[in-house]
Amino acid sequence: MTGSGAHLPLFVWLSPAFPVGAFAYSHGLEWAAEAGDVRDAASLEAWLADLLAHGAPVNDAILLAEAHRAAAAGDAPALARVAELALALAASRERHLETTTQGNAFLLTARKAWPCAAFDGLAQALAGDVAYPVAVGVAAAGHCVALEATLEAFLLAFVANLVSAAVRLGVVGQTDGQRVTAALVPAVGAAAAAGCAATLDDLGGAAFRSDMAALRHETQYTRLFRS
């Protein structure tokens, strides 16, 4: 698919209807709500804005971009390095669970419904679990979907999923949740542009409280989400 319709697969792959189980993960937000860090629309927006600027989505964007480039070039060794690094960078057991279960589920369905040579290249490069951003990057490259559009859609889906989690946790209502999502669109665009320009040398983060939330969530007494 080329031209103005080339981005259309993103609407399918990153839709809540695509069977990756994203709805089951809160990226530590459930503990943040329990601790009072996220308690209303303003604090939710601030939390998500910090993640887009300094947290795991920054690294996910870089890893997706590198996977996209490696898959587009047919560079199996580079793709293997990125895929292995993506797994190693998970900051906690639940972050590892979050990225691998979604990545594996995405790959399982996409290979059957959206086959392409890039998936075969990934299978040759890496045996075992696949991180979610790597799986999406390979799919986009295999179907000639532009990198920046892929990053924008991927990061916006991340925000939308956590806003949905906040709604289900009772932190915000539906309307406030949509206001938060709309307010973060410029930050999503900026994060996507930065991801396009970055390399593996730019990996890193400073969202310490979010990493602590993921660790604390492992032993949270009552919980709705898997992460």
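Here is what the cut-offs are and how they apply
- Residues numbered from 1 in each chain as written.
- Predicted model: local features only at pLDDT ≥ 70, side-chain atom pairs only at ≥ 80, totals over all residues.
- Heavy atoms only, no water.
- UniProt positions renumbered as here; feature names shortened; annotations may be inferred.
- Phe/Tyr/Trp six-rings, centres within 6.5 Å; stacked < 30°, edge-to-face > 60°.
- Helix = DSSP H or I, 4+ residues; strand = E, 2+ residues; numbered from the N terminus.
- Buried < 20%, exposed > 50% of the residue type's maximum accessible area, 1.4 Å probe, protein only.
- Core = buried A, V, L, I, M, F, W, Y, C linked by side-chain atoms within 4.5 Å.
- Contact = heavy atoms within 4.5 Å.
- Salt bridge = Lys/Arg side-chain N within 4 Å of Asp/Glu carboxyl O.
- Axes fitted to C-alpha atoms, helices over the stretch in contact; angles between N-to-C directions.
- Left-handed = near helix turned anticlockwise from the far one by under 90°.
- Nonpolar A, V, L, I, M, F, W, Y, C, P; charged D, E, K, R; others polar.

- As recorded in an unreviewed UniProt entry, the protein chain goes by the name Urease accessory protein UreF, listed as coming from Chelatococcus albus.
- Under the UniProt heading Subcellular location (unreviewed entry), the note attached to the protein chain is "Cytoplasm".

**Considering the packing of aromatic side chains**
Line of reasoning, step 1. A full pass over the atoms with the stated rule returns five aromatic pairs.
Line of reasoning, step 2. Centroid distance Trp-13 to Trp-114: 5.5 Å. Interplanar angle 80 degrees. Geometry classified as edge-to-face. With a gap of 101 residues between them, Trp-13 in helix α1 (residues 8-13) and Trp-114 in the loop between α6 (93-113) and α7 (117-125) connect regions that are remote in the sequence.
Line of reasoning, step 3. The class of Trp-13 is buried, set by a relative accessible area of 1%.
Line of reasoning, step 4. We classify Trp-114 as partly exposed; its relative accessible area is 24%.
Line of reasoning, step 5. A ring pair is formed by Tyr-132 and Phe-154, whose centres lie 5.5 Å apart and whose planes are at 50 degrees; its orientation type is tilted. Here Phe-154 lies in helix α9 (residues 147-168) and Tyr-132 lies in helix α8 (residues 132-142), a separation of 22 residues in the sequence. Of the two residues, Tyr-132 and Phe-154, neither departs from the other in class, the shared state being buried.
Line of reasoning, step 6. Connected via pairs of aromatic rings, a cluster forms that spans Trp-13, Phe-18, Phe-106, Trp-114, Tyr-132 and Phe-154.

**Digging into the nonpolar core**
Line of reasoning, step 1. Trp-13, Leu-29, Leu-44, Leu-48, Phe-106, Val-134 and Val-138 are the most contacted members of the largest nonpolar core, which has 70 residues in total.
Line of reasoning, step 2. With sequence-adjacent residues up to four places away left out, Leu-44 is seen in contact with Leu-29, Val-38, Val-163, Ala-166, Val-172 and Val-180.

**Side note on the pattern of salt bridges**
Line of reasoning, step 1. Enumeration according to the criterion identifies eight salt bridges in this entry.
Line of reasoning, step 2. With its nearest N and O atoms 2.5 Å apart, the salt bridge here joins Arg-209 to Asp-37. Highlighted residues: Arg-209 in helix α12 (residues 208-217) and Asp-37 in the loop between α2 (29-35) and α3 (41-54), separated in sequence by 172 residues.
Line of reasoning, step 3. On the basis of relative accessibility, which here comes to 42%, the residue Arg-209 falls in the partly exposed class.

**With respect to α8**
Line of reasoning, step 1. Among the eleven residues in α8, ten count as buried, and that is most of the element.
Line of reasoning, step 2. If you check which residues of α8 are buried, you get Tyr-132, Pro-133, Val-134, Ala-135, Val-136, Gly-137, Val-138, Ala-139, Ala-140 and Ala-141.
Line of reasoning, step 3. Turning to α8, the residues buried within the fold contact α1, α4 (56-73), α5 (76-88), α6, α7 and α9.

**Topic: the packing of α3 against helix α10 (residues 174-183)**
Line of reasoning, step 1. It is at 10 Å that the axes of α3 and α10 come closest, and there the two elements cross at 35 degrees. In the crossing of α3 with α10, the sense of the turn from one axis to the other is right-handed. Contacts between α3 and α10 involve Ala-41, Leu-44, Glu-45 and Leu-48 from the first element and Asp-176, Val-180 and Ala-183 from the second.
Line of reasoning, step 2. Taken together, the residues that form the contact of α3 with α10 break down as five nonpolar, no polar and two charged.

**Some remarks on the side chain of Asn-161**
Line of reasoning, step 1. By the secondary structure assignment, Asn-161 is in helix α9.
Line of reasoning, step 2. For Asn-161, the contacting residues outside a window of four places in its chain are Ala-22, Phe-23, Tyr-25 and Arg-168.

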